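A structural walkthrough
Next come the chains, spelled out residue by residue.
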Amino acid sequence: MKKIKYSATVKYGLKYTLKKNIKKLVQNFKMPEKDIGKKLYYSYLAIPIRNNYVFYEAFSGLGILDNPRAIFLQLLQEPSFEYFTHIWSISDMEMAKDNIDEFKDLPNVIFVKRESDDYYRYLASSKYLISNSTFGYFFTKRPEQVYINTWHGVPTKYMGYEHTAERVENARGPARNFLAADYLISANRFMTEVMYKRAYMMDGLYRGKILEVGYPRSDLLINADIEKVQQKLRAAGLRTDKKIILYAPTWKGQLYNQLEYDVNEFKETVKKFSDNIDKSEYRIYLRVHYFLYKILADDPELKEILVPFTIDTNELLSVVDILISDYSSIFFDFLITKRPMIFYVPDLKDYESGRGLYVPIDTLPGLVSSSLEQVASSLDAICKNREEYLEFYAPMWEEMANWCIYNDDGMSTKRLINIIFKDYTYLPSKSHDIIDGFGNKKKKVLICVNANQKDETFWDTFKAGLERYNYNTTDVTVLVTSFKDDTLKEYFNTLPKNVRVLVWYALPFVAKETKRFYDREALRAFGNAVFDEVRVEGDITEYWASFANNINL
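First things first, this report covers the structure right here in the doc. (Residues numbered from 1 in each chain as written. Predicted model: local features only at pLDDT ≥ 70, side-chain atom pairs only at ≥ 80, totals over all residues. Heavy atoms only, no water.)

Some words on the overall build of the protein chain
- Helices and strands together make up the secondary structure of the protein chain, namely 21 helices and 18 strands.
- The globule rule puts the C-alpha radius of gyration for 553 residues at 24 Å, and the 25 Å found for the protein chain is close to it.
- Judged by the C-alpha coordinates and their principal axes, the protein chain covers about 75 × 55 × 50 Å.
- Per-residue burial for the protein chain yields a buried fraction of 58% across its 553 residues.
- For the protein chain, the exposed area adds up to about 24,300 Å²; of that, 49% sits on carbon and sulfur atoms.
- Seen as two clouds, the 75 positive and the 75 negative side-chain charges of the protein chain have centres 7 Å apart. (Helix = DSSP H or I, 4+ residues; strand = E, 2+ residues; numbered from the N terminus. Rg over C-alpha atoms; globule rule 2.2 N^0.38 Å. Buried < 20%, exposed > 50% of the residue type's maximum accessible area, 1.4 Å probe, protein only. Areas by Shrake-Rupley, 256 points an atom, 1.4 Å probe, with all protein chains shown as cover. Lys, Arg positive; Asp, Glu negative; His and termini not counted. Charge placed at Lys NZ, Arg CZ, Asp CG, Glu CD.)

Next comes the structure, spelled out in structure tokens:
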């Protein structure tokens, strides 16, 4: 029987027990509202699973959008699932009103405010969980639940542990969610290999299935009801009497809630584009990130050309004639249409030297330029002679289509549903694949370490120890307690690139520390991953030691 190896000292025993008892006493009288819900969620983990309930969340509750939307719509269409109840997580009911109104009259569709009592109850008890992003640090997938993570795009820019500036910060939430998921949805082999296997380092630990069956959201474009989409645009005050040019720049920011945009510069860019189109034939509209949308929605110069986020992006693309983007994954989706694309990348050099791109710019099927003048001029040329432009970039389009959109046939969602919900395989061609985890044969080592180390030499010694591993034969995961120290953030970015770093967050309440509790904590930290060896290093609390002893070996 394998055992835990300790290079550690259990400290703070009496201090930890006293602190825990005080916290337990205080939480009965006073607890932040945001933490009350998480305590409720934990209690709801004991209620029965509702086998016909499907819980959806897109972009942390932004609306009924993206891959979860495509799966939801397909389930609604199929008579065999008419008894299902569908629950959507919505962060702002008023802002998502147009989205909600589409389905508010359906008796089997429920909308819950994100992080409300109902939200936690349905998240804990619904049989099927579908997300295109991540659930919070408190989330623990129950063994009876089926978690489907679809993510929200084929990667074009460095992600996860390959993110040069924020290696651990960028990977921690997705990596934990991917490890918990029963199914990871992949648009193509590129996404499987580059994003799941490499960028988020699922190779060696992930024990679920990767469904390389195409992207459900692509079905929303391929099978779109054009008139219905145009009606949505008109209802939002956007005219559809001319061809649409869509400017859709990617998210700019190191982390999810840190926006990096010069709004005045952005306005100048849009004006330049607008001045160079044939206004008798074309209109230009904007699709921007939600955070930027909130800034621009009341701007008198731009609000009339902003496409509301409640109109699904892939449905919107069905009525777009020309796309202007940068390194956003939206261009992968738009490839299906075979319509003109322009790539305006004013910060390309900074991006390549900083965060990095997966797709070489010389392979992109359209003009790539950092010059606003050149892009605006090319936009004018496309409006006047689109066929010549398409013919010039046809070889690049063909090459990219061969490895990127070969699964996009309008049937991806049906394949997914048949595999997961009907429990049988529907793979009409060899291009669709079910990958049963990533099984490298290396020895799996987990090292648990408390971020709160008092010994100044500890971290140097710790890093030196990691550098001695043979990573050709050993797969190493470091599980570290959460930290805010910027110095530690920099430190973890300098660890050997082969080391997978997961971050463990303590629950914001005190619970009875039984074996069942610690089993759940291990599931919360790294899903169903199994290790050959667990090491505990540095000064640790009794809690941390007990947790380590309940990890699967």
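Thoughts on the environment of Phe421
- Assignment of secondary structure puts Phe421 in the loop between helix H17 (412–420) and strand S14 (433–435).
- With relative accessibility at 11%, the residue Phe421 sits in the buried group.
- Sequence separation of Phe421 and Tyr128 is 293 residues, and the distance between their C-alpha atoms is 9.2 Å.
- Contact partners of Phe421, with chain neighbours within four places excluded, come to Val54, Ile71, Leu75, Phe81, Phe84, Tyr128, Ile130, Ile148 and Leu416. (Contact = heavy atoms within 4.5 Å.)

Points about the pairing of strand S18 (residues 533–540)
- With eight of eight residues buried, S18 is to be regarded as a mostly interior element.
- For strand S15 (residues 443–449) and S18, the ladder comprises five bridges, and the chain directions are parallel. Paired with Val449 across the bridge in S18 is Glu537. (Pairing = 2+ DSSP bridges.)

Notes on unusual backbone geometry
- Positive phi outside glycine occurs at Asp66, with the angle close to 60°.
- Even without being a glycine, Trp151 presents a positive backbone phi close to 55°.
- In this fold, Trp151 is placed in the loop between strand S6 (146–149) and helix H6 (167–180).

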